Amino acid sequence: MSPWLQAYLTPSGQAVRFAIKATLAMLLALYVALWCDLERPYWALISAAFLQIRPMSGMVVEKGLSQITGTLIGCGAGIVIMALFAQAPIPALASLTLWIMLCTYGSSLLRNNASYGCIMGAVTAMLIVVIGASQPDGIFAIAVARLSELALGAACATLVSALLWPIKVGDHLGQQADEVVNQAFWHAARRLTDSSDLSELQSTLTGSLEPLTLLEGDSQAARYEGPEGPGRIRASHVLTRHTLRLMATLHALQQLLHHYGERLSPEVHALAGDIAEGFRDAAEVSGVAPAHHRLHELRHRALSCPDEGLSPLEQRCLLGMREALGHALVMLDARDAITRPGGKRLRGVALAWHRDHLVAGLNALRAGLIFTVLATFWLATAWNNGQVAMLLGTLFSAFFASRDNPVMVCMMFAKGMLAAIPSAFLFGHVLLAQASGFPMLAMIFLTPLFLGLLGAANPRLMGYCLAFTIGNILLTMPGNGMDFSFDSFINRAIAVMIGLATVVTGFRLLPGFGSTLRKRRLVGAIVGDLRRLADPPIHEAEARFVGGMADRLLHLAKHDDVLPEDQRHLFTLGLTGLDIGYACLQVRRRLDDLPGDDLHRAKRAFFSALAKAYADSARGRQPGDIHAAGESLIEAARRQPGLTERHHALLAGLVERLDLSLQRQAKRARSSRGLDAASAEVA
């Protein structure tokens, strides 16, 4: 069935509840705004609508606080700009452009609701400066009015979210954690059975990573839902860290099983098959306890396997299976702690995230150019409705910048806004002009808003339907002194389309960096992290590395999707980097507390050699010989009385495994670029 027919003919109960809650929040905001005779009540409606997009109680509170904080800062910036340049419009607009660029830059680097707060800081400052240009003596009153309208919308959205069909962040996080764990276990089963279907491996990996990155950001809102919130946040950190550890370990194990399986004993292969079956059973079983019991039995079996007589590579493979099961068990504990944070006490540190300052700078430049074009048009024409175009240009140039395909999203919003024009004319002007009293106004005006929100509950339709809802609000502009003239309506409609057309043009002219440059920057960021792993405290190093790698793996997987089938190697490139990073962290956990400057120098040299070899392999070059650095590290470890022969064998197996993995990575990169070994060496 078409998603449109499904959304409106057979809507789900969840979609209907979402539409009712958001409509009631806007109804309450509109009533209070009209009763208080606020200047622009439609801002309260837009505020309530945006906060209800993700209606979990804690998220509404967090987003509302971010919105109010961003509005306060934007008010301060707007007042300062007008205090300096009240009589000089061009310097005022130039300063405002710089402020919008700064806010867009910050929005591109931050996440979730903090990013939204930056956008509101830009929009609020723009409104104060542009509206205040014609009333320079009323700047403070304008700032108070904007803050009051947005705060009213936030308060109404929070109240309705808490009282009517409340959805807790904890329940939402539990659903996300289920998806993360189940997809990760399916991925583990395919890895350990040596699946050669790259698209299937990538789909299960991204199926786990996408909800994982959402979980890590969404968990922060749990702090607003009582004393159990911090426990859920820590459990989310633990789940993220051990999921990525599991992914790195699985990638390394499949490399050994697939390419060097003849060097492994039949017992090792049999154990890998049994563990794969155990992961498959754990993904299918209902409940944490049965899955935990099944994997715990397998881990006990793996621990009871003797190491004597095994080669270093076989010992390394056996250790990897034990580690994979250990990470899986911790993931199940974290999953349980997210639902029942009082039952388990997990320790987890906040993660750092991958931030690309060059991309953020480009987003800021694009937003500045879009606003400059619209501001120049406004100055040249002295058109009052140019403010609407500037508002949309400022809002959407920052809002869409972080999307994967901003041009497509812009076009979706443009189509939704186009559909809103006849709707707003019929409901917001023809019918509303005949209404008397608030009940009739609410019945007529909120009908198209409810229909738009009903469709917005479907993620595939959200772009169209949310634009339809906002378009109806902006084109109607409800208030106590409404203007129902056809001229004013057409002027607003033209301003809306000019603003969106300018945004679309801006994204087409400055679409962002190409996949080749983005790949190089992602690889460069991974190499930089590998080189820095030896310096900070281990918990800080791991938090920074894990947070960055979750984003980078998703970006590399998305780049892979647009490449031909025979050139897809970015997916495995990211996993190789993740594997090397965790190998370095394992070495640090074992060797950091041991004495001896020669050991620490050898460890640092080994990390540097691995980072260089990874960079070479990503370019298709034969990786530098890491055996020399590895042998130096092993030799320094042999002089440590606290390490046994087993430790030395495991370290030797790790060096051998990483060298083999990097050689395979270089071969894949050469194959995808159509290079032979000789030409790659010349390159």
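Residues numbered from 1 in each chain as written. Predicted model: local features only at pLDDT ≥ 70, side-chain atom pairs only at ≥ 80, totals over all residues. Heavy atoms only, no water.

Chemist: Which residues make up a nonpolar patch on the surface, and what are the values?
Modeler: A cluster of nonpolar side chains, contributed by Phe-425, Leu-426, Val-430, Leu-431 and Phe-486, occupies part of the molecular surface with about 410 Å² of accessible area. Examining the composition of the nonpolar patch, we find that four residues originate from one element, helix α16 (residues 406-431), more than from any other. Tracing the chain through its elements places Val-430 in helix α16. Taking relative accessible area as the criterion, Val-430 reaches 36% and is therefore assigned partly exposed. (Patch = residues over 30% accessible without salt bridge, like charges linked within 9 Å, V, L, I, M, F, W, Y side chains within 5 Å. Areas by Shrake-Rupley, 256 points an atom, 1.4 Å probe, with all protein chains shown as cover. Salt bridge = Lys/Arg side-chain N within 4 Å of Asp/Glu carboxyl O. Helix = DSSP H or I, 4+ residues; strand = E, 2+ residues; numbered from the N terminus. Buried < 20%, exposed > 50% of the residue type's maximum accessible area, 1.4 Å probe, protein only.)

Chemist: A description of the layout of surface pockets should follow, citing residues and the corresponding values.
Modeler: Once rolled over the atoms, a probe with the size of a water molecule shows which space is left empty. As a volume, the second largest pocket reaches approximately 790 Å³. Considering the residues around the second largest pocket, the lining is formed by 33 residues, among which Arg-316, Leu-319, Glu-323, Gln-586 and Arg-590 are closest to the centre. Residue assignment for the lining of the second largest pocket shows that the elements contributing at least two residues are α10 (229-259), α12 (288-304), α13 (312-339), α22 (570-591) and α25 (645-673). Take the lining of the second largest pocket: its biggest share by element is 10 residues, from α13. The residue inventory of the lining of the second largest pocket, partitioned by class, reads 17 nonpolar, six polar and 10 charged. (1 Å grid on protein atoms, 1.4 Å probe; cavity = no way out; pocket = protein on both sides within 12 Å on 5 of 7 lines; lining within 4 Å. Points joined across faces, edges and corners; volume = space filled by probe spheres on them. Nonpolar A, V, L, I, M, F, W, Y, C, P; charged D, E, K, R; others polar.)

Chemist: Residue-level account of the state of the cysteines, with values.
Modeler: The final tally for this structure, using the stated rule, is zero disulfides. Here Cys-305 is not cross-linked by a disulfide; its sulfur's nearest cysteine counterpart is in Cys-317, at 11 Å. (Disulfide = S-S within 2.5 Å.)

Chemist: Explain the packing of helix α8 (residues 169-192) against α13 to me, using residue names and the numbers behind them.
Modeler: The contact between α8 and α13 brings their axes to 8 Å, and the two run at 165°. Between α8 and α13, the angle is such that the two are roughly antiparallel. Considering only the axes of α8 and α13, their crossing is left-handed. Touching Gly-170, Leu-173, Gly-174, Ala-177, Asp-178, Val-181, Ala-184 and Phe-185 of α8 are Ala-328, Met-331, Leu-332, Arg-335, Ile-338 and Thr-339, all from α13. Residues belonging to the contact of α8 with α13 are distributed by class as follows: nine nonpolar, three polar and two charged. (Axes fitted to C-alpha atoms, helices over the stretch in contact; angles between N-to-C directions. Parallel < 35°, antiparallel > 145°, perpendicular 65-115°, else oblique. Left-handed = near helix turned anticlockwise from the far one by under 90°. Contact = heavy atoms within 4.5 Å.)

Chemist: Give a description of unusual backbone geometry that names residues and reports values.
Modeler: Positioned with a positive phi, Asp-37 is a non-glycine residue whose angle comes to about 55°. Mapped onto the secondary structure, Asp-37 falls in the loop between α2 (13-35) and α3 (42-51). Classification of Asp-37 as exposed rests on a relative accessible area of 53%. In the Ramachandran plot, Trp-165 falls in the positive-phi region, its phi being about 45° despite a non-glycine side chain. Assignment of secondary structure puts Trp-165 in the loop between α7 (139-163) and α8.

Chemist: Tell me about the packing of aromatic side chains, and please be specific about residues and values.
Modeler: Per the counting criterion, the structure on display carries 15 aromatic pairs. Residues Phe-425 and Phe-489 carry aromatic rings whose centres are separated by 5.3 Å and whose planes lie at 50° to one another, so their mutual orientation is tilted. Taken together, the positions of Phe-425 in helix α16 and Phe-489 in helix α19 (residues 486-509) put the pair 64 residues apart, joining distant regions of the chain. Phe-425 sits in the partly exposed class, given a relative accessible area of 31%. Ring centres of Phe-545 and Tyr-582 lie 6.1 Å apart, and the angle between their planes is 90°; this geometry places the pair in the edge-to-face category. (Phe/Tyr/Trp six-rings, centres within 6.5 Å; stacked < 30°, edge-to-face > 60°.)

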